[in-house]
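The chain contents come next:
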Amino acid sequence: MQRGLPADRRAARDGLHDMLSCKEITRMIASDELAEAGWWTRFSVRVHLLLCGHCRRYAAQMRRIGGWARQFATGEPEDPETLARVRDRILSGD
Ligand SMILES: [Zn+2]
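Not measured: the values here are computed from a predicted model.

Chemist: I would appreciate a short explanation of the overall build of the protein chain in the present structure.
Modeler: Along the protein chain, the regular secondary structure elements total six helices and zero strands. In sequence order, the protein chain lays out its α and β elements as α-α-α-α-α-α. Split into buried and exposed, the 94 residues of the protein chain put 11% on the buried side. Counting only contacts in the protein chain whose residues sit at least 6 apart along the sequence, the fraction spanning at least 24 positions is 63%.

Printed below as a string of structure tokens:
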């Protein structure tokens, strides 16, 4: 099965003039790829997040969801205040 180059190699090949797209950024944030990515990819993502409000918001939401997943997995009690705040934000579509 033919698979694309890892994001790292692709980024290194394309160089500075080809920043990662929003689609690529959000895909990496949603997967575990970023944790294993090289410095160039992590740097590129950081720069992108500095410049792009959409991806910044997406990254913040993913972090929050990741926190819930951890709480759920570890059985740690949720902070009711945080849950209520997040629920309100989700329901308001923000
Ligand atoms: Zn973006």
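Chemist: Whenever I open this one, the environment of tryptophan 68 confuses me. Can you help?
Modeler: Looking at the secondary structure, you find tryptophan 68 in helix H5 (residues 53–74). Between the alpha carbons of tryptophan 68 and leucine 83 there is a distance of 9.3 Å; along the sequence they are 15 residues apart.

Chemist: Would you explain helix H6 (residues 80–92) in this entry?
Modeler: Its 13 residues place the ends of H6 18 Å apart at the C-alpha level, agreeing with the 18 Å of an ideal helix rising 1.5 Å per residue. With zero of 13 residues buried, H6 lies mostly on the surface of the structure. Positive backbone phi, approximately 75°, marks glycine 93, located one or two places after H6.

Chemist: Hey, could you run me through the confidence of the model for the protein chain in this one?
Modeler: Across the protein chain, the average pLDDT comes to 79, with 76% of residues at 70 or higher. When mean pLDDT is taken per element in the protein chain, helix H4 (residues 39–51) scores highest with 93 and helix H1 (residues 7–14) scores lowest with 52.

Chemist: Looking at this model, I keep getting lost on the nonpolar core. Mind explaining?
Modeler: Here is a general trend for soluble globular proteins: nonpolar side chains tend to be buried in one another's company. One finds Leu20, Ile25, Met28, Val45, Cys55 and Ala59 forming the largest nonpolar core, which totals six residues. If you list the elements that add at least two residues to this core, you get helix H2 (22–30) and H5.

Conventions used here
- All residue numbers refer to positions counted from 1 along the written sequence of the respective chain.
- The predicted origin of the model limits local features to residues at a pLDDT of at least 70 and limits the giving and counting of side-chain atom pairs to 80 or more, whereas totals for whole chains, interfaces and linings rest on all residues.
- Secondary structure elements are defined from DSSP: runs of H or I of at least 4 residues count as helices, runs of E of at least 2 residues count as strands, and each element is numbered from the N terminus.
- Between the buried cut of 20 or more and the exposed cut of 12 or fewer other C-beta atoms within 10 Å of a residue's own C-beta lies the partly exposed class, and all C-beta atoms are placed from the backbone.
- By the convention adopted here, residues make contact when the C-beta atoms placed from their backbones lie within 7 Å.
- Any helix carries an expected span of 1.5 Å times its number of residues minus one.
- The quantity known as pLDDT measures the predictor's confidence residue by residue, on a range of 0 to 100.
- Here, a nonpolar core means buried Ala, Val, Leu, Ile, Met, Phe, Trp, Tyr and Cys residues linked by C-beta atoms lying within 7 Å of one another.

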